[in-house]
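Chain and residue survey
Listed below are the residues making up each chain.
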Amino acid sequence: MAQNPTGMNGQNAGQAVLSVRNVSMNFGGLRALSEVDVDVRQGEVVALIGPNGAGKTTFFNCITGIYTPSEGEITAYPKSGKPKRADGIRINGMRTNLVCELGMARTFQNIRLFPSMTALENVMIGRHCRTSTGILGAVLRGPGTRREEQEVVDKSFEMLTKVGLEKLANEYARNLPYGAQRRLEIARALATEPFLLLLDEPAAGMNPQETEELKQMVIRIREEFKVSVLLIEHDMKMVMSLSDRIYVMEYGRIISTGTPKEVSEDPQVIRAYLGEDSDA
Amino acid sequence: MEYFLQLFFGGLSRGSVYALIALGYTMVYGIIELINFAHGEIYMIGAFMGLIVAGVLTTLGWPVLSILAIALVVSVLYSAAYGYTVEKIAYKPLRSAPRLAPLISAIGMSILLQNYIMLAQTPDFLPFPRLIPELAFMDAVSNYLGTSDLFIIATSLVVMIALTFFIKFTRMGKAMRATAQNRKMAMLVGVNVDQVISVTFIIGSSLAAVGGVLIAAHVGQINFAIGFLAGIKAFTAAVLGGIGSIPGAVLGGLVLGWAESFATGYISSDYEDVFAFLLLVVILIFRPAGLLGKQRAQKV
Amino acid sequence: MERANIIQNPIQNPIQNVVRHVVRHVKQALVAAVWLSFLTLPIMVIRVDTVEKTVTWRWMHLAYMAVGSFVLALAWYAMMERRNKSQAKKELETVERVSALAGMLADPRITRPLMAFGLLVAVAFPWFFSLYQTNILVSALIYVVLGLGLNITVGLAGLLDLGYVAFYAVGAYTYALLNHHFHLGFWAVLPLGAVMGAFFGILLGFPVLRLRGDYLAIVTLGFGQIIRLVLENWSAFSYGPSGISNIDRPGLFGISYSVEQATTYMYYIMLALVLLTIFVTARLKDSRIGRAWLALREDEIACQAMGIDNTRAKLMAFSLGATLAALMGVVFAAKTTFINPASFTFMESAMILAIVVLGGMGSVLGVILGAFLLMLLPEYLRAFSEYRMLIFGATMVLIMVFRPEGLVRAKRKVYTINVEAAG
Amino acid sequence: GEKKDEKKAEAPKQEAAAAKKLVLGVAGAQSGDLASYGLPSVNAAKLVAKEWNAKGGVNGMQVEVLPMDDQCKPELATNAATKLVSEKVAIVIGHICSGATKAALPIYKDAKVVVMSPSATSTELTQSGDYPNFFRTISYDLIQGNAAANFATAELKLKKIAVIHDKGDYGKGFAESAKKAIEDGKAAKVVMFEGITPGGVDYSAVIQKIKAAGADCVLFGGYHPEASKIVTQMHKKNLKIAFVSDDGVKDDTFIKTAGVDAEGVYATGPQILADNAVFKKALADHQKEFGSEPGAFYSQAYAAAQALLNAVAKAGSTDYDKVVAALHSEYVETPVGKIKFDAKGDAEGVSFSVYQVKDGKYVLVK
Amino acid sequence: MLELKHIDAFYGNIQALRDVNIKVGEGEIITLIGANGAGKTTTLMTICGLVPPRNGQVLFQGQSLSGVSPDKVVARGICQVPEGRLIFPDLTVQENLDMGAFLRIDKAGIKTDLDQVFGLFPILLERRGQLGGTLSGGEQQMLAISRALMARPKLLLLDEPSLGLAPLIIRQIFAIIKQINSESNTTIFLVEQNANQALKAAHRGYVMENGRITLEDSCDKLLANDEVKKAYLGL
Ligand SMILES: Nc1ncnc2c1ncn2[C@@H]1O[C@H](COP(=O)(O)OP(=O)(O)OP(=O)(O)O)[C@@H](O)[C@H]1O
Ligand SMILES: Nc1ncnc2c1ncn2[C@@H]1O[C@H](COP(=O)(O)OP(=O)(O)OP(=O)(O)O)[C@@H](O)[C@H]1O
Ligand SMILES: [Mg+2]
Ligand SMILES: [Mg+2]
């Protein structure tokens, strides 16, 4: 497959890092997710697409602990972590910060940066869960604390470099152009050292040129940090060329899954999502 | 059982006093998210205006009911003017300021108004004339409820219903709700936000004035400091019911009234406020947006 | 109207311009004076006695009011114009506008000697000023620490706490009771008080910290009231409203000393505590924890999604603030030698909050100025006797209106990196 | 700049001026919600000072009144006290609340300032013997409480007494003394002992409770605003039992606010003989000068001002020991009677009585 | 119909617009394209009076809009679909739409427009009673567009209407834009990232870079322009 630039084949990419079984989510009478099964394997880029209101963001919210799913099992397989648990950890209803600590970091569909902090500081927040200075350490500021602080700054700057924001490191997040804000969110998520990166419409609001750059960036990051990526996106050009596998969701159900080619030829997907003359 | 009913009605009348003040409080809060500490002072000024009008008209020998009516009207007009002016001076310049700035300015305004009344009038308690006539048929139940209690309960219910309709169905009401949720977007659909906020203050202050006159007539005395405690209680009631919710303000007031009444009756009045506040804490822990408040729709 | 002012015609002759402005202000002020006179007419002029059925008319008051409000309105409009102009100017200026003063304050070559000088003055103060001055300064210093403590909770972590004074009471009663029953000395109780404060902070904070914004405010207000009411009513424990008297002042190697000496001693203790608090808050602010607080203030959901334990971070801020308050409670009890619940009312919490906001949230210098202003102003306004609180309230409003960010705009240390060097 | 201003305010000139002036400090709540109890004493002091000044002053010194607000808060009271001490004021009327007084007294004691309160009734202030510089023109909780309790049990022969207070140091102190006296006397029972929230709009719950307890008497410790609310609401709820209260209620404002409901209420207070000329003059002067009725503790404050100025006049100077000695030995005519002070600082010669409201006036019953 | 003359606009100390000149004729669809942070949103904000220009003038139907408050601008017939959608979160979908028609009094007209809007986006009809804040991103975008349509503006300002929408819906949106332009002769000012589609839908286009207008031409010519192709069409 020409679009798969890494040549890493989805089928034998490795063991699962996230497995979702039979997850449903109800809002009052509305069934936003219905018996969803999704797997993400080590090193894969998996895309989740579907019409507006299909339940994609809700799915992210369930995985990251913002909502507790009404039914089903979500299991994560962190690659390391203090107690190494190869058989996975059940994360339904786990607190959001613990999910992140476990190694699943996300970006938001509606950008949620810390607007009056600089780009660098935004990324430094991502380092929070990987550092440990307490009150006493902060007040006394011993050599250990200083070393840790230095390391936080260095690592954070490194992340900014990875997403191409090194020039804007000292700008307040609120003053960054939209595209830069999206990339900053990715850098912040990367700083938490995740094994799975969850991106919610990263290319929204970008022009085709910028979208292309973004795609290249995701590829580089995946290589370098050995992360898996779960991606929600409406830009089909990006989705089709970037992902190893695609899940298509409609009305809270997975209606189709497979390689980009398989999915884009599925009549159900064309009807529900892509439209007949899919040149988008 | 009789004792229980006595406490129940006692709590009802006390609660409706809180509710009446909380209605204005919750309106202002709903629109500009400002804990308006000066609201209690507007209530107090309303009571003073009522006293002054009543005093002047009594010397002229007018009948009681017409005095009550005129006192209410004048006091509403003046309090509305005060509310409007306070907003213009202390809050409007702070629209784009950090969130806590208007809060402090409100506290300053509250101190200012209290001392203004204290100096212009008197620090002493002043007797407030019994403007609410005793209705003969209430004698039978006077053990539970007096005429003025009835008056206040009725007024808060009427005001609650009227306000609910106003907010829900009138143009201005819609504009208020839109302003409350997103000021920028409200402008973009053509809402004159400044005007909406002014109107909100005017309505809130008018309600405070109605409360001021009725409650003063019920209690029988006023001084410059009555607004403070009233303000705190009204604030508590408004939060208990869910800030911004009109029926919530009334329910919150009643629940607060009952909590205090039953705590006094069955435990000890030493701790009535303790129980009232504990109830508040417990309710908020289980319903973080108050009894009738809607959890702000938040989607990530 | 205000918007139109900004667009000025540059061709106008400056004198004409000034005259035009003055005329406009006078007109505005006249309108305002008429309005305010109308507004205050009944209350200023009429006094009724509903029992004797008499009415007193005091028309002179109306005249005073009219003249007074005209003058005030004139000043108001003039200041308003300056405020709007300076805001417009602020917009025009370049990156991170710093006033000349603030610029100077950022330069260590100027701040170091200034700080040293300030410290010198502070140390020498009791030797040059009267007992009264030292005494109110001790009060002010207590409020500096209280302000800095609340600043952690409100300014740094963004948790609006309207019942802060409860922790102050916890500290004060800890010392008072231990001293009363067991004759424990000030120095023994000081750390104990801090522990009690932290304990109560966690105890109260735990159930309520998941509440948002103003709901948190009312619940903390409620807790503040509960603690005061319990102290008031549980006489067997706290001696109720009559309070606890004859609390020992801080011991000084068993030497007995006069009130004047005690005040001086207290002053130095407070000076040291203030310096310690400044140090601690500054360090915390610039640490991993301080950063987390800042982020928490901006977006809680994003914070949690980035792995910050919100509850823990909030609890830390809440109980740190509480610890400082309790510490000050101990000092307070030792200073006044008498405490009763009347010192721990809601108004006290409001004043401490006002210190933080008026001074400038998040700014140490601001909190110091705020505490001095709000605590010393009423004292120096004593000359105006009955008008004192009136002026005080008005000052609070005016400062907020004309300096909405507080007296000193908080400048936090922004983490920056030398892009060229690092890249 | 702040420091410089302070230096200017620091006034050595004051000492020079003090030679010709006698400064009378008046400390108490003069703002805030308790101002109505503190401001009358400022007026009283001003009127007494005016009277002395018209006669040529005290020892040739013109009397100047220096009000000091403490809002009844202990810490502000210490500030007020140090301010007065720093200004070398030798005689002070104040403070209004017992708590504030307790906080301020050590400072005055250290500086040898004579302090006389018109309203601080905490028993221990004088009875502890800690403060030889402290005097008062009001009787203290123990006496008032005993008097009220005695009256209710011995005179009115009431058996079941509900003791209610306003949770303040004044009201609760009185109520506790009364409760103890009743319990010690064994003639009656305390069926209820509770505090109400001052400033409340509605006391019906506590009234229902009194009713349910079957009390035949309410003994209330506190001030007139709450008292008038309670009696009014008691009548509304058809609870017509004896109501006995304290000096804070023995105030004409109470009768005005409670109106007809005030009828029959008992209150203890210093005996004011109908023909007490000073009392009448004090009232008339206030009406003339301020155009209104005086407020709470006015008579006591008036008495305190007279006693202090008289003592300075008799002592010939403001020397602490001499003034104190004069206070203990010299009788002075005041609105509360012809008084001097006993060894502990309490006024002697104040005869203590119980009054009842009859036809809109307090009249002596005992 | 609308004319921007020499507009300079600032955020604090940052100059976002430099000497911007734009002219929109009656019944036209014009589009403004440009990279992130070019100043497109700011241009729309200055028209509505939310970011008053420091220099220059906005003329609408020959009258100056300087110093006119945003609500009065709306009253003159300019309506905006703002960036970020700005849905009223605690109002239901229906109420959000009602707010769009806030200034209108013709009940019958409102009713037909409502039906029309629900016809365009059936999902909104399904979600009619749901709170705006709980809608999905795309649903919110549809609601924002519908709300603006409910105002029946003379001039409709659209800020990235296709943002976050599914491909199928995007095509629909551009069809609708053309439709309302031709049917009710609404003038449209379209800001888009999706330059390809925008240029196909519009009559004329402007290109903005760093707060300046750098190109201005008919859409056909812009589509053919090499620089535009490279920078904005990703070709
Ligand atoms: N908190 C909530 N309460 C009620 N309904 C909700 C809530 N959150 C989401 N929904 C509904 O659930 C459905 C799925 O929403 P979701 O945000 O997951 O869609 P999505 O697939 O991300 O769509 P889009 O591509 O437009 O962002 C929507 O119809 C939405 O209205
Ligand atoms: N509120 C603000 N405060 C400060 N600067 C701002 C603000 N809003 C926008 N800017 C800055 O103004 C410039 C223009 O922004 P604008 O939002 O108009 O760009 P845009 O063309 O709409 O970009 P996008 O495609 O990302 O929406 C940008 O550099 C941006 O950083
Ligand atoms: Mg989504
Ligand atoms: Mg934009």
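Refer to the structure printed above.
Residues numbered from 1 in each chain as written. Chains lettered and ligands numbered in written order. Predicted model: local features only at pLDDT ≥ 70, side-chain atom pairs only at ≥ 80, totals over all residues. Heavy atoms only, no water.

Let us look at the state of the cysteines. What the rule picks out here adds up to one disulfide over all chains. The disulfide partner of C72 of chain D is C97 of chain D, and the S-S distance across this bridge is 1.9 Å. Its torsion about the S-S bond being 75°, the disulfide of C72 of chain D and C97 of chain D is classed as right-handed. Of the two residues, C72 of chain D is situated in the loop between β2 (62–69) and α4 (74–86) and C97 of chain D in the loop between β3 (91–93) and α5 (98–111); the sequence distance between them amounts to 25 residues. With a relative accessible area of 5%, C72 of chain D lands in the buried category. Owing to a relative accessible area of 9%, C97 of chain D belongs among the buried residues under this scheme. Cysteine C100 of chain A is unpaired, with the sulfur of C129 of chain A as its nearest cysteine sulfur at 4.4 Å. (Disulfide = S-S within 2.5 Å. Helix = DSSP H or I, 4+ residues; strand = E, 2+ residues; numbered from the N terminus. Buried < 20%, exposed > 50% of the residue type's maximum accessible area, 1.4 Å probe, protein only.)

In this section: the coordination of the magnesium ion (ligand 4). All names here are of chain E. Protein ligation of the magnesium ion (ligand 4) involves T41 (OG1) and E83 (OE), the donor distances falling in the range 1.8 to 2.1 Å. With a gap of 42 residues between them, T41 in helix α1 (residues 40–48) and E83 in the loop between β6 (78–81) and α3 (93–100) connect regions that are remote in the sequence. On the basis of relative accessibility, which here comes to 15%, the residue T41 falls in the buried class. On the accessibility criterion, E83 (34% relative accessible area) is partly exposed. (Donors = N, O, S within 2.8 Å, 3.2 Å for Na, K, Ca; no water.)

On to the pairing of strand β10 (residues 253–258) of chain A. Residues and elements named next belong to chain A. Alignment of strand β9 (residues 245–250) against β10, held across five bridges, turns out to be antiparallel. Looking at β10, one finds that V248 is bridged to S256. Two successive antiparallel strands, β9 and β10, enclose a turn made up of two residues, where Y251 displays a positive phi of approximately 45°. (Pairing = 2+ DSSP bridges.)

All names here are of chain D. The buried fraction of strand β10 (residues 266–270) amounts to five of the five residues, a majority that puts the element mostly inside the structure. The sheet contact formed by strand β9 (residues 242–245) and β10 spans two bridges and is parallel. Bridge pairing links S245 to A267 in β10.

Between chains B and C lies the most contact-rich interface of the eight pairs of chains that touch. Across all C-alpha pairs, the smallest distance from chain A to chain D is 32 Å, and the two are not in contact. Nowhere do chain D and chain E come into contact; their C-alpha atoms are at least 33 Å apart. (Contact = heavy atoms within 4.5 Å.)

With that settled, consider the coordination of the magnesium ion (ligand 3). Residue and element names in this part refer to chain A. At this site the magnesium ion (ligand 3) is bound by T57 (OG1) and Q109 (OE1), with donor distances of 1.9 to 2.1 Å. Residue T57 is found in helix α1 (residues 56–63), and its partner Q109 is found in the loop between β6 (104–106) and α3 (119–126); the two are separated by 52 residues along the sequence. The buried category is assigned to T57, whose relative accessible area is 8%. Residue class for Q109 comes out buried when judged on its relative accessible area of 9%.

Keep in mind these numbers describe shape, not what the thing actually does.
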